[in-house]
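Single-letter residue listing:
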Amino acid sequence: MKRPEALPALVLGLLLIPASGPAAEDETLTVVSWGGVYEESQRIAYFDPFEEETGIEVEVVEYDGNFEGLRRELENGDTEWDVIDLVSANARRGCSEGLLRPIDPDILPPAPDGTPAREDFIEGALLRCAVVQLVFSTVVAYDERAFPGEKPTTIEDLFDTQRFPGKRAFRKMPGAILEWALLSYGVPRSQLYDLLSTRRGMDLAFRRLQEIREDIVWWQDPGEPARLLAEGEVAMASGFNGRFFEERTQGSPISIIWDNQILDYDAWAIPANSDQPELAEQFIAFATQPERMAEQVRHIPYGPSRHSAMRRLGLDERTLAPITSQLPTAEHHLGTAIWEDSEWYARTEAFRQRLFDNWLAEGDPFTDSKGGS
Amino acid sequence: MQALYRITVLALLSIAIGTLASLAAIGFVELVAWLNDVLLVAPRARIVWETRPLLVMAATILAPTLGGLVVGLMLSRLISQGRGFTPPDAILAVQTRTPMPSFRDGMVSSLAAALSLGAGASVGQYGPMAYLGAQIGALGARLNLGIAHLQGVAIGCGVAAAISTAFNAPIAGLVFAHEVILRHYSLRAFAPTTVAAATGYVFANVVFEREPLFTVAFEGVKHSYEFVFFALEGILCAFIAIAFMRLILACQNLSDRMSLPFAFRPMLAGLAVGLVALELPEVMGIGYEALRFATIEGAFAGYELALLVAAKIVLTALCLGFGFPGGVFSPSLLIGILFGALFGMIVAQFAPFHTSGIVVYAICGMMAVTSPVIGAPLTTIIVVFELTRSYPLTIAAMVSVVFANLVAFRLFGRSIFDVQLLKRGCDLARGRDGAILSHTCLTDYMVTDYPRCDRKDSLGSLRARLREQSWDTLFVTDAAGQYLGTITARHILEQESECTAGEACVRSPVIFDETTSIRAAMDSLVDFLGEAAPVISAQDGRLIGVAPEGVVISAYLDISRELRREENEAA
């Protein structure tokens, strides 16, 4: 429902919808997020304080982060969604397909010391239709109990089911596993996405996956890999670093392999035909205040996208280690890190998906013989 | 004071040339990468359009074809020599101390080379980059700094910086400049080229943080007997290199014999590349991706490797022969690494013992094909070391490289550059002095004050003249000054004194003209008996001077002495 901007509209609105409580309906903001401990950290850092300050209720809708789901919801022009938490590749693609609304960086609050937002955010954080709020990482974690002797340490070990037997849980999506599969051949990170752009590169990557296919368990809900590891159902799993960390603080013997972690931006965006874009902007401005961002990091170790938020981080209450050392962007985790090429991701989405589906169905990504160059 | 001045000037000049050449090299690479993206040559650009195969197909054929047309027009219309320039042009200028082609022509050539690579022509990028560096060096040499023979050093600086930047390999850049361009070792040249190479490295690494070109993991050669295979691989690679070079020369000959205007020839080669690329996209451009996949076990089937080696050899020869400006280095790397991978695969499959995997054979092959083509064994060995930072790989590659060079040198020549220069009349096998002697004109040294007489003079009158002069010879000309013959004391003694000079003279068996070099003069004078050979104008036959043997010998001594001094000078 569009918020009345002029008096006549307001009057008309009141006349047309009597007594059914339009005010109450207006005062709800629908935020789309990823559920689980991540959503809990958002509830503490953003949603509850926002409700308290504005009196507007935040309703959370959970989704799996896939672009197709996003498009299905936004395409028909009639959505309840107001603010979406999405990865940068989807932000780029959604923007170029006109599904998302451009955001003026001037709505963002300055740092406490007065540094304008444009300078306070890390480089590349202010996209045309999205504001990057944090850096998260897709990593491999393993169950300590599965490997009482030698521990897996490199990405090659993920595919070595001889030395490190056991099931592997992977996200059912043609991302991250493709990078890791090709990297396991020893290709340089700088050339990774160029090589994955060739038919030969994709072929090699899927061949590697095919080798361990029998051992793969697929997950779709981001909370699942940590649970699978904790319950001992799989020996290794791909997943987001924050989820694994949280599971570990609950007492599960889970260790993260930081080798070749894949870093990506997560961002706030607003649907192009949002009912209440001003309210959505108000929320994004609220949630990107350095103090709010730092608060979230205290509950899940993702790197905040503002320098001023970074400076507010101290010790983790549970581990008594500096929070910054748990972040994927900590210096000692960056040695072999890969920055996900979100541009490449956004532009190859359909191609990767087709290969992935072919491979799932036939065991060969190029069965439909239309493959890339 | 003089020494201090020279050291300061050379240091500043080498830093300036190093900076400019390095920036130019980075600009060149960026321009090519951008064009590759725009023209759908780069796999990354092609994959975006993979849902529209017709578009990709059209781009694959049209980019190199139309690129060839534009390049052909650029070269034939905008460059006075009507062709692109490559490292041999820089080598020639340095070795013979002749000027480089003009800066403007050089820039057009570099631009055409970037366009060729950008459009996917199967040529190399390091040759044009080295030439770009040489050109910037030559520009520096034109400054009036009061230092003798600055051109060679300055060009060396530019090339060293360009190669250092391109490969992220400063030592290789420095060695390449010495091995291929300067062809001698002296502290005078070594110091500035080192400074320039280091400057290039700083720009490539520190300022722009460019990634290393090539990284592979290799644990070491596991079995000592494999060194025999590295040597054998080197010998086989020599034959691949020779076939590649011969085919380039053959394509050049074919192109020269064609009636089609030069401007349209690259287009034909481009069309061939486009058609082959429909099936084998790896043949386009530099082929970074294929270069990387070749070191991965199982990335290519054996027949694919063989097919790609053959296609790359033929298409590169066609592109270079038909006038695409570009280098031979990158194609050699690709041909070599694919062949090396094939060799490694065959050895692993048929030999009754274990091998250390495909990587080492691929790298050995890469360098063993490249080294004889550019004639720089030391450079290629150091390139391996600097690119892979692996000592065991370098030792293995070293063995392959020397055997490849030995065989190719015997059967073909030192390098494609030297053979191309030989075709243009410059024999670098004769050493630096030989090259300078062949490019120093006799006219600079000839004697213009010599005894001459008219054809109508009687021998009697000449007899009197002979007594007064120190020469035993007279040169006979007609009224127009045209040379008729030489008359010696013996002729005058043997003939009647009424006889005229025109009747008695004998045409010298050795006659030089303005184009005769000191080298040619030396060769001709070996069997010459007489006081001096005449030098006559090639246009109108007028006698313009004479060349006594002593003049030729002193010219030779001058040049060698100066070279020795240059090679022993510190700054």
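Everything below is about the structure shown above.
Residues numbered from 1 in each chain as written. Chains lettered and ligands numbered in written order. Predicted model: local features only at pLDDT ≥ 70, side-chain atom pairs only at ≥ 80, totals over all residues. Heavy atoms only, no water.

**Topic: the packing of aromatic side chains**
Here is the rule we go by: The pairing test for Phe, Tyr and Trp rings, Trp by its six-membered ring, is centres within 6.5 Å, and the orientation test on the planes gives stacked under 30 degrees, edge-to-face over 60, and tilted for anything in between. By the criteria applied, helices consist of DSSP H or I runs no shorter than four residues and strands consist of E runs no shorter than two, each listed in order from the N terminus. Partly exposed residues are those whose accessible area sits between 20% and 50% of the maximum for their type, while under 20% is buried and over 50% is exposed, using a 1.4 Å probe and protein chains only.
Under the defined criterion, the tally for this structure stands at 35 aromatic pairs over all chains. Look at Phe 136 of chain A and Tyr 302 of chain A: their rings are 6.4 Å apart centre to centre, the planes differ by 85°, and that puts the pair in the edge-to-face class. Taken together, the residues span a long stretch of sequence, with Phe 136 of chain A in strand E4 (residues 130–143) and Tyr 302 of chain A in the loop between helix H14 (290–297) and strand E9 (303–304) at a distance of 166 residues. Among the residues examined, Tyr 302 of chain A registers a relative accessible area of 4% and is labelled buried. Geometrically, the ring pair formed by Phe 385 of chain B and Tyr 391 of chain B is edge-to-face, given 6.1 Å between the ring centres and 80° between the ring planes. Overall, the relative accessible area of 37% leaves Phe 385 of chain B in the partly exposed class. Taken together, the aromatic side chains of Trp 34, Tyr 38, Tyr 63, Trp 81, Phe 136, Trp 219, Phe 240 and Tyr 302 of chain A make up a single cluster linked through ring pairs.

**Some details on the interface of chain A and chain B**
Going by this rule: Only heavy atoms enter the contact rule, under which two residues are in contact if any of them lie within 4.5 Å. Defined here as a combined quantity, buried area equals the accessible surface (1.4 Å probe) lost by two parts on assembly, summed across both. Pairs of N or O atoms within 3.5 Å make up the polar contacts considered here, provided that, within protein, one atom can donate a hydrogen while the other can accept it, and that residues adjacent in sequence are counted only when both atoms are side-chain atoms. Think of it as three bins: nonpolar holds Ala, Val, Leu, Ile, Met, Phe, Trp, Tyr, Cys and Pro, charged holds Asp, Glu, Lys and Arg, and polar takes everything else, Gly as well.
Counting residues at the interface gives 26 residues for chain A and 19 residues for chain B. The contact between chain A and chain B buries some 2,100 Å² in all, and 58% of this surface belongs to carbon and sulfur atoms. The interface formed by chain A and chain B holds six residue pairs in polar contact (both at pLDDT 80 or more) in total. It is helix H16 (residues 342–362) of chain A that provides the largest number of residues to the side of chain A that touches chain B, a total of five residues. In the side of chain A that touches chain B, the residues fall into ten nonpolar, nine polar and seven charged.

**A short note on empty space enclosed by the protein**
All names here are of chain A. Applied cut-off: Buriedness for pockets is judged along seven lines, at least five of which must meet protein on both sides within 12 Å for an open set on the 1 Å grid over protein atoms alone, while cavities are sets there where a 1.4 Å probe fits but cannot get out, and lining residues have an atom within 4 Å of a point. Grid points are joined across faces, edges and corners, and a volume is the space filled by probe spheres set on the points.
Tallying each qualifying case throughout the model produces six cavities of 30 Å³ or more. Here the largest cavity is characterised by a volume of approximately 310 Å³. Together, 25 residues line the largest cavity, and Arg 171, Met 173, Gly 175, Glu 340 and Tyr 345 are the ones closest to its centre. Listed by contribution, the elements that provide at least two residues to the lining of the largest cavity are helix H5 (88–96), E4, strand E7 (236–240) and H16.

**What about the state of the cysteines?**
Residues and elements named next belong to chain A. Quick reminder of the rule: Note on terminology: pairs of cysteine sulfur atoms within 2.5 Å are recorded as disulfides.
Going through the model one piece at a time under the given rule, you end up with one disulfide over all chains. Covalent S-S linkage joins Cys 95 and Cys 129, the inter-sulfur distance amounting to 2.0 Å. In this structure the cystine formed by Cys 95 and Cys 129 twists about its S-S bond by roughly 55°; its chirality is therefore right-handed. A residue pair is termed long-range when its members are at least 10 positions apart, and Cys 95 in helix H5 and Cys 129 in the loop between helix H6 (117–120) and E4 qualify at 34 residues. For Cys 95, a relative accessible area of 10% gives the class buried.

**A few points about a nonpolar patch on the surface**
Residue and element names in this part refer to chain B. Put simply, the rule is: Residues enter patches when they are more than 30% accessible in relative terms and free of salt bridges; like-charged ones are connected within 9 Å and nonpolar ones (Val, Leu, Ile, Met, Phe, Trp, Tyr) within 5 Å. Here the open area of atoms and residues is found with the Shrake-Rupley method and a 1.4 Å probe, where only the protein chains shown may cover a residue. Salt bridges are defined by distance alone: a side-chain nitrogen of Lys or Arg within 4 Å of a carboxyl oxygen of Asp or Glu.
A cluster of nonpolar side chains, contributed by Leu 23, Tyr 201, Val 202, Val 206, Val 207 and Phe 208, occupies part of the molecular surface with about 500 Å² of accessible area. If one sorts the elements of the nonpolar patch by residue count, helix H9 (residues 187–207) sits on top with four residues. Summarising the element assignment, Phe 208 is placed in the loop between H9 and helix H10 (226–257). By relative accessible area, Phe 208 is classed as partly exposed at 42%.

**Some points on the layout of surface pockets**
Unfilled space is identified by rolling a water-sized probe across the atoms. All names here are of chain B. Quantified by volume, the second largest pocket comes out at close to 700 Å³. Along its surface, the second largest pocket is lined by 34 residues, and Arg 83, Thr 86, Gln 252, Leu 320 and Gln 420 are the ones closest to its centre. Elements represented by at least two residues in the lining of the second largest pocket include exactly helix H4 (87–96), helix H6 (126–141), helix H7 (150–167), H10, helix H13 (302–321) and helix H18 (416–423). Each residue belonging to the lining of the second largest pocket can be placed in one class, and the counts come to 17 nonpolar, twelve polar and five charged.

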